[in-house]
Amino acid sequence: MIPDALLPPGLGPRRTFALVAGVERYDISHRWNLHGPARDALRFARWLTGPGEVPPGNVRLLLSPLDGPDALEWTDSPAMAALRADHRPATEENVKSALLDELPQCDGDLLWIFWAGHGYLGQRQELILPCTDARPSQIRHLNLDSALRWWRTDLVKQRRFPLQAALVDCCRVDAPRDSRWNFGTTDYGGGSSVPGRRQFRLYASREGEAAQNDAERGAGRFTEALLGELGQRSVREGVTGLPAAARSIHRTFQELRERGEGWQLPQFLVDRDWDACSFLDEELPGRRTARAVRLDQPAWDGLGELFEGRDLPRCAHDAYTWAFKAAGCTTPVRGGLPGESLLEVVQDLDERQGGPDGMPLAVPFVRFVADRAGAGDAAWAARLRDWVRATRERLGLPALPPPPAPPRSTALHVRLEAPPGGEDGFLARMWLRREVTEQIWEADGSPVGLDAVREELVHRLAAVARAPGGDPEAGRPYDTVERIEFHVPYELLDTAFDEWPVPRGPGGRTTRSLGLLYQVVVRCPQEREDARAEWRRKWRWLAARGGRHPDAVRTVEDGDVTDVLGMELGAGPAPACVLAHTSAGARTEGALDAVLEGGVPVMVWRRGGGAPAAGLLGLLAPPDGAERGPGAPADPGALDVLALPARVRELRRAAGRAGQQAEGGDRLVLLWDDPDETLTLRSLS
């Protein structure tokens, strides 16, 4: 509790005013929609006008629910009936009108601001709260930090609202940097600061983290805990007890984290007490909060030697995310790595909080890299493990769980080459790639037709399925073939390998298309020689971001296919994937030429040209159980490029179940050139 001397003597319900907003529906995209914020806002308004006894005329209620206001649970009371009649949608115009025009003209002592919905951090780390009328061209929003600065100035009469409390149930993750999401710049200005005004801020998450929402119950975890603390308190009791309530909420979630039950839950941040002091900087009464150890100078000296001249390994993103899990921490919401070098990544990890047992996040990261990236360099791997062991002993750190084993997969590669003498047919070879690479077939020096290649492929797939194989000592049998990769000349890239029939069932009396049974991709590594550096750079950039990034994907239309497109694509590490909405023939060939020239490792197009109604991005982006609204753009950052082989097979199967061409899913062609999985072999000729 804070002393009554800090409170205005007349503080009570009639001198208390509030802006209460809950946004569930957003015009920008159905993917933004939430279930719960409108209900949370209504529950807070119910506390204000119920136990708090605040007159409904003092509350500006802004709601944009998913299913309309009539679907909400309105309490049968005169106060809530009045709010039901007077509430407005949570548009930017209504928010600014209520917060910057109407409420400043009221004569009050206490202002509550309660907001539930999405939240983002702008370029200056200000908290941006999108409104229901947010659209891609203009994401209309409330800049809460700017609004709170405005409320501290003399634009609000000096004797009014000495106490202001902002309670926000939203994420605080970085706003998307993609140019198609235009947040713009919003600053409400202000006059001169008024001494004595005090603001209390309680957010549901720390910077860079997401707030948890219980979609089944339609309730934010933060709001649920907050209302539990407020209970039946009056307004005066509620405002004086806010610091204690914040401590209790913080303690509850900290205990969940320490028990290992809440590492994915948000961490709570209380900005300032009513006396302007940060009260969570000190230890909570009666308990000691674990603090992570930072790397010492010997650790940094060792890493400087170990990482010098080393590029980011393919496993860097997996190592980064596993470090948080191994230390019992929340993984950052923002995808990708925080730097372009191993030392930059470790520096970011070292600056973060670390785990409840004091484990610095950098240590499990290095341990993971030693296992995965060091597999091909035994000496380097041993030095990395020595660093981990010495650092743990020197800093007194607990033991680490072993990193997960790399995912096991078996791919069957088919290599076709045009014979040097120009004869009909192709020189052919097949090999299996799993933990070791094994050649399983080669044509006898003479060209063979594609039908013969198909028959041999079917035979080899059946043989692999019957073979016990595996690693008996480890008790792990080899998996059956998951993906088939066709290494082919340029002129065969559009060939319908995925439609090759494969006998199935008893006696092989039925057939299935190859693309329904396996992930089928085409490759053209022999055309990569002139762009090998760009090719490898783009793949490593993509892998370092876990396959997802708004800049990773570029859509190419007919008009984009120019003589300089290849140079444009190869100018930087992005894009790493091209989606071609091009016409059949020369335009698709031109896009393919540009992709190979620019070193882009992945391309998707439709055999026969054109694009589905929602575009290839809309088709390939993972479904979320809801239909995209008319005109709503697909999010390039939502597409996991590294998962495209599985996604394309899923679409082919969906088309097969529909018995028709479902959005062209059965005509997709996927160029998938992983430079780390390309074998340098002698020519078949």
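Scroll up for the structure.
As the structure is a prediction and not an experimental result, all values here were calculated from the model.

Analysis parameters
Residues numbered from 1 in each chain as written. Predicted model: local features only at pLDDT ≥ 70, side-chain atom pairs only at ≥ 80, totals over all residues. Heavy atoms only, no water. Helix = DSSP H or I, 4+ residues; strand = E, 2+ residues; numbered from the N terminus. Areas by Shrake-Rupley, 256 points an atom, 1.4 Å probe, with all protein chains shown as cover. Core = buried A, V, L, I, M, F, W, Y, C linked by side-chain atoms within 4.5 Å. Buried < 20%, exposed > 50% of the residue type's maximum accessible area, 1.4 Å probe, protein only. Contact = heavy atoms within 4.5 Å. 1 Å grid on protein atoms, 1.4 Å probe; cavity = no way out; pocket = protein on both sides within 12 Å on 5 of 7 lines; lining within 4 Å. Points joined across faces, edges and corners; volume = space filled by probe spheres on them. Salt bridge = Lys/Arg side-chain N within 4 Å of Asp/Glu carboxyl O. Expected span 1.5 Å × (residues − 1). Pairing = 2+ DSSP bridges. Axes fitted to C-alpha atoms, helices over the stretch in contact; angles between N-to-C directions. Parallel < 35°, antiparallel > 145°, perpendicular 65-115°, else oblique. Left-handed = near helix turned anticlockwise from the far one by under 90°. Nonpolar A, V, L, I, M, F, W, Y, C, P; charged D, E, K, R; others polar.

Caption draft 1: Seen up close, the overall build of the protein chain. Looking only at helices and strands, one finds 19 helices and 23 strands in the protein chain. Element-wise, carbon and sulfur atoms account for 47% of the exposed surface of the protein chain, whose accessible area totals about 30,100 Å².

Caption draft 2: Representation of the nonpolar core. Core analysis: the biggest nonpolar cluster contains 46 residues, and Phe486 and Leu514 have the highest contact counts within it. Ranked by residues supplied to this core, first place goes to helix α13 (residues 450-466) with 5 residues. Excluding residues that lie within four positions of it along the chain, Phe486 makes contacts with Val414, Leu457, Phe497, Trp500, Leu514, Val520, Val521, Val522 and Arg523. Membership of the second largest hydrophobic core comes to 44 residues, among which are Leu62, Leu142, Val168 and Ala175.

Caption draft 3: Representation of the layout of surface pockets. If you add up the space inside the largest pocket, you get close to 1,900 Å³. Considering the residues around the largest pocket, the lining is formed by 47 residues, among which Arg314, Arg372, Pro406, Pro407 and Glu677 are closest to the centre. Elements that contribute at least two residues to the lining of the largest pocket include exactly α9 (316-327), α11 (362-372), β13 (411-417), β16 (483-487), α15 (532-544) and α19 (644-658). Take the lining of the largest pocket: its biggest share by element is 3 residues, from α15.

Caption draft 4: Local environment of the pattern of salt bridges. Enumeration over the complete set of coordinates arrives at 35 salt bridges. As a salt-bridge pair, Arg607 and Asp498 come within 2.7 Å of each other at their nearest N and O atoms. Placement of Arg607 in the loop between β22 (602-606) and α18 (615-620) and of Asp498 in the loop between β16 and β17 (501-504) is noted, with a sequence separation of 109 residues between them. Exposure class is identical for Arg607 and Asp498. Each is buried. We note a salt bridge from Asp673 to Arg523, for which the minimum N-O separation is 2.9 Å. Here the residue Asp673 occupies a position in the segment after β23 (668-672), and Arg523 occupies one in strand β19 (residues 519-523), the gap between them amounting to 150 residues. Summarising the burial analysis for this pair, Asp673 and Arg523 share the class buried.

Caption draft 5: Region of the structure containing helix α17 (residues 586-598). Between its first and last C-alpha, α17 extends 18 Å over 13 residues, near the 18 Å set by a 1.5 Å rise per residue. If you follow the buried residues of α17, they end up packed against α15, β20 (553-557), α16 (565-569), β21 (577-581), β22 and β23. At the C-terminal side of α17, Gly599 shows a positive phi close to 75°.

Caption draft 6: Focus on the environment of Leu642. Residue placement: Leu642 occurs in the loop between α18 and α19. Its relative accessible area of 32% is what places Leu642 among the partly exposed residues. Counting along the chain gives 32 residues from Leu642 to Asp674, while the straight-line C-alpha distance between them is 9.8 Å. Contact partners of Leu642, with chain neighbours within four places excluded, come to Trp539, Leu542, Ala543, Gly546, Gly547 and Trp672.

Caption draft 7: Fine view of unusual backbone geometry. Here the residue pair Ala574 and Pro575 is connected by a cis peptide bond, since its omega of 5° sits within 30 degrees of zero. You can see Pro575 is positioned in the loop between α16 and β21. Look at Glu53: it is not a glycine, yet its phi comes out positive at around 60°. Since its relative accessible area comes to 57%, Glu53 is described here as exposed. Here the phi dihedral of Phe161 falls at roughly 50°; this positive angle occurs in a residue that is not glycine. Within the element layout of this structure, Phe161 appears in the loop between α4 (144-151) and β7 (163-169). Looking at Phe161, the relative accessible area reads 0%, which means it is buried.

Caption draft 8: Examining the pairing of strand β14 (residues 427-433) more closely. A large share of β14 lies buried, amounting to 7 of its 7 residues. Here β14 shows no split at all, with Leu427, Arg429, Trp431 and Arg433 on one side and Ala428, Met430 and Leu432 on the other all buried. Taken together, the 7 bridges between β13 and β14 define a ladder with antiparallel strand orientation. The residue of β14 that forms the bridge with His413 is Trp431. In this sheet, strand β15 (residues 437-442) lies alongside β14 in antiparallel orientation, the contact comprising 5 bridges.

Caption draft 9: Geometry of the packing of α9 against α11. It is at 8 Å that the axes of α9 and α11 come closest, and there the two elements cross at 135°. Taken together, the axes of α9 and α11 lie oblique to each other. When you trace α9 past α11, the crossing you get is right-handed. Seen from α9, the contacting residues are Ala316, Asp318, Ala319, Tyr320, Trp322, Ala323 and Ala326; seen from α11, they are Pro364, Phe365, Phe368, Val369 and Arg372. Residues of the contact of α9 with α11, tallied by class, amount to 10 nonpolar, no polar and 2 charged.

Caption draft 10: Molecular detail of the pairing of β7. The element β7 is largely enclosed, with a buried count of 7 among its 7 residues. Burial along β7 is two-sided: the residues Leu163, Ala165, Leu167 and Asp169 and Gln164, Ala166 and Val168 are all buried. Pairing of β7 with strand β9 (residues 198-203), which is carried by 6 bridges, proceeds in the parallel orientation. Bridging across to β9, Val168 finds its partner in Tyr203.

Caption draft 11: The arrangement of the sheet that holds strand β5 (residues 127-130) in detail. The strand order across the open sheet built from 4 strands is β6-β5-β4-β8, with neighbouring strands paired in mixed fashion. Unpaired on one side and paired on the other, β6 (141-143) and β8 (173-174) mark the two borders of the sheet. The pairing of strand β4 (residues 120-121) with β5 spans 2 bridges and is classified as antiparallel. Bridging from a neighbouring strand, Leu121 pairs with Leu127 of β5. Contacts between α4 and the sheet are confined to β5 and β6, with β6 contributing the most and set at about 50° to the helix.

By themselves, these figures tell us nothing about what the structure is for.
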